[in-house]
Amino acid sequence: MPVKEAARIAQKIADELQVELVDVELVKEPTGHFLRFYIDRPDGVALDELERFHRRIQPLVENVAFDFMEVSSPGADRPLKTERDFERSKGLAVELKTYRPVDGAKQFTGDLVGLVDGEIVIEVSPGVTRAFSRKDVAVVRPLIDFDESDLEDDVPAE
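Here is what the cut-offs are and how they apply
- Residue numbers here run from 1 along each chain, matching the order of that chain's written sequence.
- At least 70 in pLDDT is required for a residue's local features to be given in this predicted model, at least 80 for side-chain atom pairs to be given and counted, and no such filter applies to totals for whole chains, interfaces and linings, which use all residues.
- Neither water nor hydrogens contribute to the side-chain values; these are computed over all heavy atoms in the structure.
- Strands are runs of DSSP state E lasting at least two residues, helices are runs of H or I lasting at least four, and both sets are numbered from the N terminus onward.
- To estimate how far a helix should extend, the number of its residues minus one is multiplied by 1.5 Å.
- Burial here depends on accessible area, computed with a 1.4 Å probe over protein chains only, as a share of the maximum for the residue type. Under 20% is buried, over 50% is exposed, and the range in between is partly exposed.
- Directions pointing from the helix axis toward each C-beta atom define the arc.
- Any two residues having at least one pair of non-hydrogen atoms within 4.5 Å are treated as being in contact.
- Whenever a carboxyl oxygen of Asp or Glu lies within 4 Å of a side-chain nitrogen of Lys or Arg, that contact is scored as a salt bridge.
- Strands are labelled as partners when DSSP assigns at least two bridges between them.
- N or O atoms within 3.5 Å of each other form a polar contact, as long as, within protein, one can give a hydrogen and the other can take it, and as long as residues adjacent in sequence are counted only when both atoms are side-chain atoms.
- To define axes, lines are fitted to C-alpha atoms, for helices over the stretch in contact only, and angles between the resulting N-to-C directions are given on a 0 to 180 degree scale.

**Observations regarding helix H1 (residues 3–17)**
Point 1. The end-to-end C-alpha distance of H1 is 20 Å, a good match for the 21 Å that 15 residues give at a rise of 1.5 Å each.
Point 2. For H1, the full list of buried residues reads Ala6, Ile9, Ala10, Ile13, Ala14 and Leu17. Down the axis, H1 shows its buried residues gathered within 145 degrees of arc, on one side only.
Point 3. Buried residues in H1 make contact with strand S1 (20–29), strand S2 (32–40) and helix H2 (47–57).
Point 4. A positive backbone phi angle near 55 degrees is found at Gln18, which sits one or two residues after H1.

Here it is, written out as structure tokens:
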């Protein structure tokens, strides 16, 4: 069973469980082949939802050649891949990395304007936008910005 068939089955289960199927991948790593399913929902996905999805999908993909199967959330910094991802993320601060240097740099940050005529457009400073061809972009993901105070415990000192 190819990964595309596993993705088709996973989409049906995601629809039934009312979660978004973000991605399906089969990757070879030093410890073996990993079949990974990424699911999400707007307010985040709970551990019991990941487990429920795992239990539903596992017996249906036994014909895929994998050593390990994982079901997880894509995380807050999940890469933007689909038109839906870009639409949902308009206005957010993003980090964009290119395959080759553009004007001497391979990494850019700014607020996502969106996909415009097949190009990824970000506002790099107020009123200044840059457009990048999708084929030249390695990854675009939300920029997670925090400082030391974000790492402090909320538990009161004794």
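**A word on the pattern of salt bridges**
Point 1. All told, the structure shown has 17 salt bridges when counted by the stated rule.
Point 2. Its salt-bridge partner being Asp40, residue Arg78 comes within 3.0 Å of it at the nearest N-O pair. Here Asp40 lies in strand S2 and Arg78 lies in the loop between strand S3 (68–72) and helix H3 (83–88), a separation of 38 residues in the sequence.
Point 3. For Arg55, the salt bridge is made with Glu51, and the minimal N-O distance between the two is 2.7 Å.

**Describing the pairing of strand S7 (residues 128–133)**
Point 1. In this sheet, S7 lies alongside strand S6 (residues 119–125) in antiparallel orientation, the contact comprising six bridges. Pairing of Ile120 across the sheet is with Phe132, part of S7.
Point 2. Once S6 ends, the chain turns through two residues before running back antiparallel as S7, passing Gly127 with a positive phi of about 80 degrees.

**Here we look at the side chain of Arg36**
Point 1. With respect to the helices, strands and loops of the structure, Arg36 is situated in strand S2.
Point 2. The exposure class of Arg36 is buried, given its relative accessible area of 12%.
Point 3. Among the polar contacts made by the side chain of Arg36, one reaches the side chain of Glu29 at a distance of 2.8 Å.
Point 4. The residues contacting Arg36, other than those within four sequence positions of it, are Asp23, Val24, Glu25, Val27, Glu29 and Glu70.

**Some points on the sheet that holds S3**
Point 1. Sheet architecture is open: three strands sit in the order S1-S2-S3, paired in mixed fashion. A strand with exactly one partner marks an edge of an open sheet, and here the two such strands are S1 and S3. Put simply, the sheet's adjacent strands are angled 15 degrees from each other on average, direction ignored.
Point 2. Inspection of the sheet shows S2 paired to S3 by five bridges, in the parallel sense. If you follow Arg36 over to S3, its bridge partner there is Glu70.
Point 3. Sheet strands in contact with H1 are S1 and S2, and its direction is about 150 degrees off that of S1.
Point 4. Together, S1, S2 and S3 form the strand contacts of H2, whose direction differs from that of S3 by roughly 140 degrees.

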